[in-house]
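If you want the building blocks of each chain, they are given just below.
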Amino acid sequence: GDDAGGLRPRGRAQPQPFACRKPHASSPAAGSSRQSTSQSAIMIPARVTHNQSIGPGVVPAGVDPAYDAQYRVRGPSTHCGAGRPFCVAPGPITHTQTPYVTGTTVLGCKFKGGVMIACDTLGSYGSTKRYKSLERMRRVNSTTVIGFTGELSDFTYIMTLLEEMNTNDFCEDDGKELAPWEIHSYLCRVMYNRRNKFDPLWNSLVVAGCKGGRTFLAMVGMIGQHYEDSHLAAGFGQQMARPLFREQHTDDMSEEDARTLIESCLRVCVMRDKSMINKFQIAKVTHEENSPTICEPFAVSTTWSFEKYKNPSEFAPGCW
Amino acid sequence: MSGIGTGYDLSTTTYSPDGKVFQVDYACKAVDNGGLCLGIKCKDGVVLGVEKLLPFKMLVPGSNRRIAAVDRHAGMAGTGLAPDVRQIINRARSECSGYLSFYGDRVPAQILADRMAHYLHMFTLYWSVRPFGASTLLAVKDFDGYSLYLLEPGGECQRYFGTAVGKGRQNAKNEIEKLKMAEMTCEEGVKALARIVYATHDEKDKDFECELSWICDASGGEFRRVPKALADEAIALAVAALDSDDMDQ
């Protein structure tokens, strides 16, 4: 076999699995065996092929120079991390491997006179619905709101970066503030550069705002991918909600129509996404002064009285 | 002037026989040549004012400010060499943001004043740098309330109820001492400061602009410029008081 995600020593031929070097092949070893005419009586245990980054196998040091050579220390590696966790061999740096407290989808759409984004207020801990009153959308400044999916702690960090930029604007005191597209551009660079260091901020962010007559709605992902559109979603909503947006959204919808559309998309999302709860907020930005508002949490009506749901175990006795 | 510190005034690292560091004294003289900068702590906040002398007629009004916020809850006004004032303000900004990112909270007044005093003092210890030729007034709101500090080129840092530096400071300090600051609100403080700035302005000098900023309950605990309406009213009252003084004489 070959090792999963194989880290091979660079510049070396693939190590061959081999059996005992004893002349008689009485004990077949794991992997293929190799005929040997050597009369040596050294018993070398079979080399088990595995991912070499997890360290030497069962061959003791000093017995097989070729084998030892693979694990020779390659000199001071100041920047190289430990590779995968619990490794002895250096490898690419890997930091963030998995998010912990996560938010699910964020939806956004423009309407005539502004833009609104919506999300639920759940912070999941794996599949546990752990934090049910999480503010997943925040106001950035007087023209911009931002919503996140993914890891909460990374978003908290992003908010401290944005808060620092706001303080700089405040101290500069020239009447100018960062525009929504400037914030989006800044976040794109932050996300992309973190991804280049193999230490991403595990978020997809939706940035929405209105300034100087221009309505802005865009998203940035954890590898720095970004785009701007009249309607978008981050997370599961990309599959669930965007088709509905494509059918029904127009740029000059009224605010009430946009809100109805968003609520119907939220209904679809909450009925299909198992890591979502029926408690939503909508953030709205218009062209007026200091307009970002985030409404109080509300629920959408859901209906489960579909015929096929009535006796779900009818054809599957024994389940509930 | 050239005979005063002969030989002992060439470097910050040299004492004179009577125990002075002349370079620091000379830095203070640079401050004395700058426009008046004053501040008072009223019962609900701190007001800072600067008499910004305008050497050229072509300057755009409102540019080249001497008062700036260093964080939302703190601000500085300075006088003396203007680039030195800017450098001190920049350093204070980075102290504030460094404290916030390390401790997660806004820097308290005492700690910021202490750090800035250390920074200014450091420049009086080494031969290769010169002391700052600027004094700054620091106004901060923290959990203890509002405070006003004066930072001088030698690194001295004192907390004040009211003080003034720069040209005409003695007259200004006399006027400030007459004010009952503990009973004044910041609106009244703004008017009092404007009156003092205009009253102590030397006629021989050129035009000047009066910058006013405050941090008080009325500004939401944030360091902001005094709202234009109030500032204009204060300046109008100050000019009127000056004219009526002239007429009395």
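All of these numbers come straight from a predicted model, not from anything done at the bench.

A.B. asks: Talk me through the overall build of chain A; I want residue IDs and the actual numbers.
C.D. replies: Regarding its fold elements, chain A presents 7 helices and 13 strands. Evaluated residue by residue, chain A yields a buried proportion of 41% over its 320 residues. Residue pairs at least 24 apart in sequence account for 58% of intrachain contacts in chain A once pairs closer than 6 positions are excluded. Summed over its atoms, the accessible surface of chain A is roughly 17800 Å², and 53% of this surface lies on carbon and sulfur atoms.

A.B. asks: Before we move on, can you summarise a negative patch on the surface with the specific residues and values?
C.D. replies: Taken together, the side chains of Glu203(B), Asp243(B), Asp245(B) and Asp246(B) present a region of like negative charge at the surface. The residue Asp243(B) is located in helix α6 (residues 228–248) in this model.

A.B. asks: So what's going on with a nonpolar patch on the surface? Which residues, and what values?
C.D. replies: Residues Trp304(A), Phe306(A) and Tyr309(A) make up a contiguous nonpolar surface patch of about 340 Å² in total accessible area. Mapping Trp304(A) onto the fold places it in the loop between β13 (293–294) and α7 (307–310).

A.B. asks: Break down the packing of helix α2 (residues 82–103) of chain B against helix α3 (residues 109–122) of chain B for me, citing the residues and quoting the values.
C.D. replies: All names here are of chain B. Put simply, α2 and α3 touch, their axes get as near as 10 Å, and they point 130° apart. When the interaxial angle is binned, α2 and α3 end up oblique. Crossing hand, α2 versus α3: right-handed. Where α2 abuts α3, its residues Gln87, Ile88, Arg91, Ala92, Glu95, Cys96, Tyr99 and Tyr103 lie against Ile111, Leu112, Arg115, Met116, Tyr119 and Leu120.

A.B. asks: Could you give me a rundown of the sheet that holds strand β8 (residues 162–165) of chain B, with the residues and numbers involved?
C.D. replies: Residue and element names in this part refer to chain B. A sheet is described by the order of its strands in space; here 5 strands give the open sequence β8-β1-β2-β9-β10, paired in antiparallel fashion. If you trace the sheet from one side to the other, it starts and ends with β8 and β10 (223–225), each paired once. Neighbour-to-neighbour, the strand axes of this sheet turn through a mean angle of 15°, independent of strand direction. Relative to β10, strand β9 (residues 208–216) is paired through 3 bridges, and the arrangement is antiparallel. Looking at β10, one finds that Ser213 is bridged to Arg225. Its contacts with the sheet put helix α4 (residues 169–178) on β1 (37–42) and β8, and the angle it makes with β8 is roughly 170°.

A.B. asks: Hey, could you go over the layout of surface pockets for me, with residue numbers and the actual values?
C.D. replies: Using a probe with the size of a water molecule, rolled over the atoms, empty space left in the structure can be pinpointed. By volume, the largest pocket amounts to about 770 Å³. Contributing to the lining of the largest pocket are 31 residues, with Ser142(A), Gly175(A), Lys176(A), Glu177(A) and Arg224(B) lying nearest its centre. Counting only elements with at least two residues in the lining of the largest pocket, the list comes to β6 (137–141), α2 (152–172) and β8 (203–211) of chain A together with β3 (67–71) and β10 of chain B. Along the lines of polarity and charge, the residues of the lining of the largest pocket split into 7 nonpolar, 11 polar and 13 charged.

A.B. asks: Summarise the nonpolar core; cite the residues concerned and give the values.
C.D. replies: All names here are of chain B. Counting 31 residues, the largest nonpolar core has Leu38, Ile40, Val47, Val190, Leu212 and Trp214 as its most contacted members. Put simply, the parts of the chain that give this core at least two residues each are β1, β2 (45–53), α4, α5 (186–200), β9 and α6. Per element, the largest residue contribution to this core is 8 residues, and it comes from α5. In terms of nonpolar packing, the next biggest core, distinct from the first, is built from 25 residues, Cys96, Leu120, Phe132 and Leu138 among them.

A.B. asks: Residue-level account of the interface of chain B and chain A, with values.
C.D. replies: For an interface, size is often stated in terms of accessible area lost upon the parts coming together. Between chain B and chain A, the residue contacts involve 9 residues of the former and 7 residues of the latter. Across the chain B-chain A interface, the total number found is 1 salt bridge. A salt bridge links Asp173(A) to Arg225(B); the nearest nitrogen and oxygen atoms lie 3.0 Å apart. Across the chain B-chain A interface, the total number found is 2 residue pairs in polar contact (both at pLDDT 80 or more). For the side of chain B that touches chain A, the secondary structure elements donating two or more residues are β3 and β10 of chain B. Here the residues of the side of chain B that touches chain A are counted per class, giving 3 nonpolar, no polar and 6 charged.

Basis of the calculations
Residues numbered from 1 in each chain as written. Chains lettered and ligands numbered in written order. Predicted model: local features only at pLDDT ≥ 70, side-chain atom pairs only at ≥ 80, totals over all residues. Heavy atoms only, no water. Helix = DSSP H or I, 4+ residues; strand = E, 2+ residues; numbered from the N terminus. Buried < 20%, exposed > 50% of the residue type's maximum accessible area, 1.4 Å probe, protein only. Contact = heavy atoms within 4.5 Å. Areas by Shrake-Rupley, 256 points an atom, 1.4 Å probe, with all protein chains shown as cover. Patch = residues over 30% accessible without salt bridge, like charges linked within 9 Å, V, L, I, M, F, W, Y side chains within 5 Å. Salt bridge = Lys/Arg side-chain N within 4 Å of Asp/Glu carboxyl O. Lys, Arg positive; Asp, Glu negative; His and termini not counted. Charge placed at Lys NZ, Arg CZ, Asp CG, Glu CD. Axes fitted to C-alpha atoms, helices over the stretch in contact; angles between N-to-C directions. Parallel < 35°, antiparallel > 145°, perpendicular 65-115°, else oblique. Left-handed = near helix turned anticlockwise from the far one by under 90°. Pairing = 2+ DSSP bridges. 1 Å grid on protein atoms, 1.4 Å probe; cavity = no way out; pocket = protein on both sides within 12 Å on 5 of 7 lines; lining within 4 Å. Points joined across faces, edges and corners; volume = space filled by probe spheres on them. Nonpolar A, V, L, I, M, F, W, Y, C, P; charged D, E, K, R; others polar. Core = buried A, V, L, I, M, F, W, Y, C linked by side-chain atoms within 4.5 Å. Polar contact = N/O pair within 3.5 Å; in protein donor to acceptor, adjacent residues only side chain to side chain.

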